[in-house]
Amino acid sequence: RIAMVVAGNALAGAGCGSESRGLIPESRGERLLQSLERLNEYHAARADWYLALSLCEQDDPAKLSEAEVRSRTLIGLRVNEKFAVSTSRLIHARVALARRQWPAAVSDGRSARDGLAHFPPFRFMASAHLLQALVARGDGDGAAEIARADLSELDRSAVRSAPK
């Protein structure tokens, strides 16, 4: 698509009898091209994260390692650093669960849950990983406390979004 924009701009300029300019001024065209490239990087990073989400659900050690790497792609773009780091930690928590590394799963799950407070679907995914890790390491009371807080949050959001 980017190549089509650039080629279309050049052809439009040539068709108008101008050899040096297209319809979009060069500096504006370059800015547009940079914006489109950045947008493509963002979507590629999101795709990496979703692939990581799938990979971290498997037992294959190589796929778990790949999930960790892919989960960090979004961080490098510095779009929303807190969200990017927190969603990466969410993946790391799931990987730690698959590896039966309970302390890491608890730490990453808790960090992800806290960082994703304003993104409920992601927060509840992190909570699920945290709850699994807490139960696995024998902290049922801690898991119950978090589950109660999450259920309370779900009740509040249901009340806020209920039709009036």
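Residues numbered from 1 in each chain as written. Predicted model: local features only at pLDDT ≥ 70, side-chain atom pairs only at ≥ 80, totals over all residues. Heavy atoms only, no water.

Participant: Now, about the overall build of the chain: what can you tell me, with residues and values included?
Facilitator: On a plain count of helices and strands, the chain comes out with 8 helices and 0 strands. Put simply, the chain runs from its N terminus to its C terminus through helices and strands in the order α-α-α-α-α-α-α-α. Classification of the 164 residues of the chain by burial places 31% in the buried group. Surface exposure of the chain reaches about 10200 Å², of which carbon and sulfur atoms provide 56%. (Helix = DSSP H or I, 4+ residues; strand = E, 2+ residues; numbered from the N terminus. Buried < 20%, exposed > 50% of the residue type's maximum accessible area, 1.4 Å probe, protein only. Areas by Shrake-Rupley, 256 points an atom, 1.4 Å probe, with all protein chains shown as cover.)

Participant: How would you summarise the pattern of salt bridges if you had to cite specific residues and measurements?
Facilitator: Applying the stated criterion across every chain, the model contains 8 salt bridges. Glutamate 68 is paired through a salt bridge with arginine 99; the nearest N and O atoms lie 3.1 Å apart. Placement of glutamate 68 in helix 3 (residues 61-71) and of arginine 99 in the loop between helix 5 (81-98) and helix 6 (102-115) is noted, with a sequence separation of 31 residues between them. A salt bridge links aspartate 150 to arginine 113, with the nearest nitrogen and oxygen atoms 2.8 Å apart. Taken together, the residues aspartate 150 in helix 8 (residues 140-161) and arginine 113 in helix 6 connect sequence positions 37 residues apart. Pair check on accessibility: aspartate 150 and arginine 113 agree, each one buried. A network of salt bridges, in which partner residues are shared, links Asp48, Glu66 and Arg70. (Salt bridge = Lys/Arg side-chain N within 4 Å of Asp/Glu carboxyl O.)

Participant: Go over the environment of alanine 98 with me, naming the residues and quoting the values.
Facilitator: Checked against the element boundaries, alanine 98 lands in helix 5. Relative accessible area serves as the criterion here: at 24%, alanine 98 is assigned to the partly exposed category. Residues alanine 98 and aspartate 59, spaced 39 residues apart in sequence, show a C-alpha to C-alpha distance of 6.4 Å. Aside from chain neighbours lying at most four places away, what touches alanine 98 is Cys56, Gln58 and Leu64. (Contact = heavy atoms within 4.5 Å.)

Participant: Now, about the nonpolar core: what can you tell me, with residues and values included?
Facilitator: The nonpolar side chains of a soluble globular protein tend to be buried, and buried together. Core analysis: the biggest nonpolar cluster contains 18 residues, and Ala67, Leu74, Leu90, Ile91, Val95, Leu116 and Phe122 have the highest contact counts within it. Considering every element that reaches this core, the biggest residue donor is helix 5, with 5 residues. The next biggest cluster of nonpolar side chains, apart from the first, holds 10 residues, and it includes Leu97, Ala105, Ala143 and Ile146. (Core = buried A, V, L, I, M, F, W, Y, C linked by side-chain atoms within 4.5 Å.)

Participant: Requested: an account of the confidence of the model for the chain, with residues and values cited.
Facilitator: For the chain, per-residue confidence averages 81 on the pLDDT scale, and 72% of positions sit at 70 or higher. Predicted confidence in the chain is weakest over helix 1 (residues 2-15), with a mean pLDDT of 48, and strongest over helix 6, with 96. A low-confidence stretch, residues 11-22 (pLDDT under 50), is modelled with 7 contacts involving residues beyond four sequence positions or located in other chains. (pLDDT = per-residue confidence, 0-100.)

Participant: Pulling in residues and values, what's your account of the packing of helix 6 against helix 7 (residues 120-136)?
Facilitator: Where helix 6 contacts helix 7, the axes come no closer than 8 Å and their chain directions differ by 155 degrees. When the interaxial angle is binned, helix 6 and helix 7 end up roughly antiparallel. Seen along the crossing, helix 6 lies across helix 7 with a hand that is left-handed. Two secondary-structure elements touch here, helix 6 through Trp102, Ala105, Val106, Gly109, Arg110, Ala112 and Arg113 and helix 7 through Arg123, Ala126, Ser127, Leu130, Ala133, Leu134 and Ala136. (Axes fitted to C-alpha atoms, helices over the stretch in contact; angles between N-to-C directions. Parallel < 35°, antiparallel > 145°, perpendicular 65-115°, else oblique. Left-handed = near helix turned anticlockwise from the far one by under 90°.)

Participant: Tell me what's going on with helix 7, and back it up with residues and numbers.
Facilitator: Relative to the 24 Å expected for 17 residues at 1.5 Å per residue, helix 7 spans 24 Å between its end C-alpha atoms, a close match to the ideal helical length. Within helix 7, burial applies to Phe122, Arg123, Ala126, Ser127, His129, Leu130, Ala133 and Leu134. The buried residues of helix 7 occupy an angular sector of 165 degrees when projected down its axis, which confines them to one face. Turned more than 90 degrees away from the buried face of helix 7, the exposed residues are Pro121 and Val135. Glycine 138 sits one or two positions beyond helix 7 and adopts a positive phi of about 90 degrees. (Expected span 1.5 Å × (residues − 1). Arc of directions from axis to C-beta.)

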